[in-house]
Amino acid sequence: YIRWEKVSHLERGQIYVEGNLTEFNTMTKLKGSQVVYFGDHLFADLREPSRISGWRTAVIIEELEHEVRTQNTRLYRETLKQILTLEEALRKLDLKCDKERAEVQNVAHEIQEELARTRQLSKQIFNPYFGSVFRTHTNATIFAYMLQRYADIYTSKLENFDLYPLDFVHHAEREFLSHERSVRYEMVRALGQDRTPPDQQTIQLK
């Protein structure tokens, strides 16, 4: 049965609704990383627990399944490979000493036009209106940026955690900054393996 009365303490095995951060912290005496808070709305659920109480946060993002399926399609992989090839060609062309020559400028213009068309195609593969939820061309979307800021881990559904043992520790991978590109390439070669994470729908951020 349901009891609608004020809660002064929490009992194991019970489900509670409403409440607030202050009351929860007072009743449990739990602080910071002792709490893992799950939510399905990044701003309404997770921002305040992460920012104010320092809780570990996990967000459920249903759209992640579509993103993972799409990025693993042959069409997207080939499109991405073409984008990276064009971007690299443009960078090399910009380094040429004679880039003021008309023919060099013409080639650069053609590459830029083809790059714009291919980038647009890569967006349409995810969604014909706004592209990927997590990425816009070379940059993360605002949503992805806020996800990195306020979520410790995210997944498409809670059941994905059943794939891991209870004592499993999700370790975050090192993120390399733009000026660390040469370091990243050297470390990948030294390890003799690609650091690209496998196909998965549970991602550790911190």
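Everything that follows concerns the structure shown earlier in this document.
Structure report, in brief. (Residues numbered from 1 in each chain as written. Predicted model: local features only at pLDDT ≥ 70, side-chain atom pairs only at ≥ 80, totals over all residues. Heavy atoms only, no water.)

This next bit is on the nonpolar core. With 13 residues, the main nonpolar core has Leu 42, Val 59, Ile 61, Leu 64, Phe 134, Leu 147 and Tyr 154 as its most contacted residues. What Val 59 contacts, discounting residues up to four positions off in sequence, is Gly 39, Asp 40, Leu 46, Leu 147, Ala 151, Ile 153, Tyr 154 and Thr 155. With 8 residues, the next largest nonpolar core counts Leu 90, Val 104, Ile 111 and Leu 115 among its residues. (Core = buried A, V, L, I, M, F, W, Y, C linked by side-chain atoms within 4.5 Å. Buried < 20%, exposed > 50% of the residue type's maximum accessible area, 1.4 Å probe, protein only. Contact = heavy atoms within 4.5 Å.)

As a general feature of sheets, a regular strand has side chains that alternate between the two faces. When you tally the buried positions in strand β2 (residues 56-60), you get 4 out of 5 residues, the bulk of the element. Bridging between strand β1 (residues 36-39) and β2 involves 4 bridges; their strand directions are parallel. The partner of Gly 39 across the bridge, within β2, is Val 59. Across 3 bridges, the pairing between β2 and strand β5 (residues 153-155) is parallel. Pairing of Val 59 across the sheet is with Tyr 154, part of β5. (Helix = DSSP H or I, 4+ residues; strand = E, 2+ residues; numbered from the N terminus. Pairing = 2+ DSSP bridges.)

Glancing now at the environment of Phe 43. One can find Phe 43 in helix α2 (residues 42-53). Residues Phe 43 and Leu 147 lie 104 residues apart in sequence; the distance between their C-alpha atoms is 9.3 Å.

Next up on the list: the pattern of salt bridges. As a working rule, side chains carrying opposite charge can pair if their charged atoms are close by. Within this structure, the stated rule accounts for 9 salt bridges. We note a salt bridge from Arg 119 to Glu 87, for which the minimum N-O separation is 2.8 Å. Of this pair, Arg 119 sits in helix α5 (residues 102-126) while Glu 87 is found in helix α4 (residues 74-94), placing the two residues 32 residues apart along the sequence. Note that Glu 114 is salt-bridged to Arg 117, the shortest N-O span being 2.5 Å. Placement of both Glu 114 and Arg 117 in helix α5 is noted, with a separation of 3 residues, approximately one turn of the helix. The partly exposed category is assigned to Glu 114, whose relative accessible area is 25%. Shared partners join several salt bridges into a network, and the residues in it are Arg 47, Glu 48 and Arg 51. (Salt bridge = Lys/Arg side-chain N within 4 Å of Asp/Glu carboxyl O.)

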